[in-house]
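Examination of the molecular architecture
Read off the chains here:
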Amino acid sequence: MSAAEAFFERVDTGRFLATEYTRGPWDPGSQHAGPPAALLGRAVEERAGGRTDLRIARVTYEILRPVPIGPLEITTTVLRSGRSTELVEATLAPAGAAPVMLARALRIRVAAEAVPAVAPGPQVPPPGEVGPTPFFPVPWEVGYHTAMESRFTEGAFVESGPGTCWMRMGVPLIAGEETAPLDRVLIAADSGNGISSVMDFERFVFVNGDLTVHLHRHPVAEWVCVEARTSVDGAGIGLADSRLHDEKGPIGRGAQSLFVAPR
């Protein structure tokens, strides 16, 4: 395992090594879905071949199975390319194995001339008004929970119900490379389920098998806020719905489909 002070180390084109900072709270050998989501988003942007007139407006992830901590390979394909939109697919797999996660991203052409900007919804209290919030107890010292700084303005990881949490990366996504604005959103967006959990973790399993992020604006600065609400039906299907913000205002939404069952 890499000891780099980052979530991943780039080995070669399309090949990466996950570090212990990617470790999720449930299994010492598996990643939190946030870091690989950000890595796939980075791969989509790199696949664009330097074209700067398109920007990711929506990306949907299918989490096929737990993402292991270790060597990983990414393959990207342009499924459709036009004057105003482009659809790109990226797959993530352990070296020599079947994919464990895939993403499909819709990129939309940025207007050549300014159009009226409309930002829906109010701003949330800024991160500077609250202090750091501890993560819920995790049986290992290093992981996603130590690589991300969290500040709740509503709720907490150890409280049931809606939550609003500012998050900031403590290490780069890829060692030796600049962290991009999109990285900051995608690495935080998968935390909506944990921020707004409504079930007792000791009695129930509530895991997401997907993540969709819509962005009308990319973030500025380092902080991303996830304002999350979770709904669960008696049949065991749930939805974690998140409004995403930066310090200037709303930037988009995130959604996670949940499988809920007694342990």
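For the structure itself, look to the data block above.
Residues numbered from 1 in each chain as written. Predicted model: local features only at pLDDT ≥ 70, side-chain atom pairs only at ≥ 80, totals over all residues. Heavy atoms only, no water.

**Focus on the overall build of the protein chain**
Looking only at helices and strands, the protein chain features four helices and 13 strands. At 18 Å, the protein chain has a C-alpha radius of gyration in line with the 18 Å of a compact globule built from 263 residues. The proportion of buried residues among the 263 residues of the protein chain is 51%. Seen as two clouds, the 24 positive and the 31 negative side-chain charges of the protein chain have centres 7 Å apart. (Helix = DSSP H or I, 4+ residues; strand = E, 2+ residues; numbered from the N terminus. Rg over C-alpha atoms; globule rule 2.2 N^0.38 Å. Buried < 20%, exposed > 50% of the residue type's maximum accessible area, 1.4 Å probe, protein only. Lys, Arg positive; Asp, Glu negative; His and termini not counted. Charge placed at Lys NZ, Arg CZ, Asp CG, Glu CD.)

**Digging into helix 3 (residues 181–189)**
Of all nine residues in helix 3, eight are buried; the element is thus mostly enclosed. Within the span of helix 3, buried status applies to Leu182, Asp183, Arg184, Val185, Leu186, Ile187, Ala188 and Ala189.

**Observations concerning the pairing of strand 1 (residues 8–12)**
As paired strands, strand 1 and strand 2 (residues 15–18) are joined by four bridges and run antiparallel to one another. Bridge pairing in strand 2 links Phe8 to Ala18. Once strand 1 ends, the chain turns through two residues before running back antiparallel as strand 2, passing Gly14 with a positive phi of about 75°. (Pairing = 2+ DSSP bridges.)

**Here we look at the layout of surface pockets**
If you add up the space inside the largest pocket, you get close to 650 Å³. Residue lining of the largest pocket: 26 residues in total, with Trp26, Gln31, Ala33, Val207 and Asn208 positioned closest to the centre. Those elements that provide at least two residues to the lining of the largest pocket are helix 4 (192–195) and strand 9 (204–208). Of the residues forming the lining of the largest pocket, the biggest block, four residues, is contributed by strand 9. For the lining of the largest pocket, the class distribution of residues is 13 nonpolar, nine polar and four charged. The space that makes up the second largest pocket amounts to roughly 450 Å³. Residue lining of the second largest pocket: 17 residues in total, with Arg55, Val110, Val115, His216 and Arg217 positioned closest to the centre. Mapped onto the lining of the second largest pocket, the elements with two or more residues apiece are strand 3 (54–63) and strand 6 (101–109). For the lining of the second largest pocket, the element with the most residues is strand 3, which contributes three residues. Among the residues forming the lining of the second largest pocket, the class breakdown is 12 nonpolar, one polar and four charged. (1 Å grid on protein atoms, 1.4 Å probe; cavity = no way out; pocket = protein on both sides within 12 Å on 5 of 7 lines; lining within 4 Å. Points joined across faces, edges and corners; volume = space filled by probe spheres on them. Nonpolar A, V, L, I, M, F, W, Y, C, P; charged D, E, K, R; others polar.)

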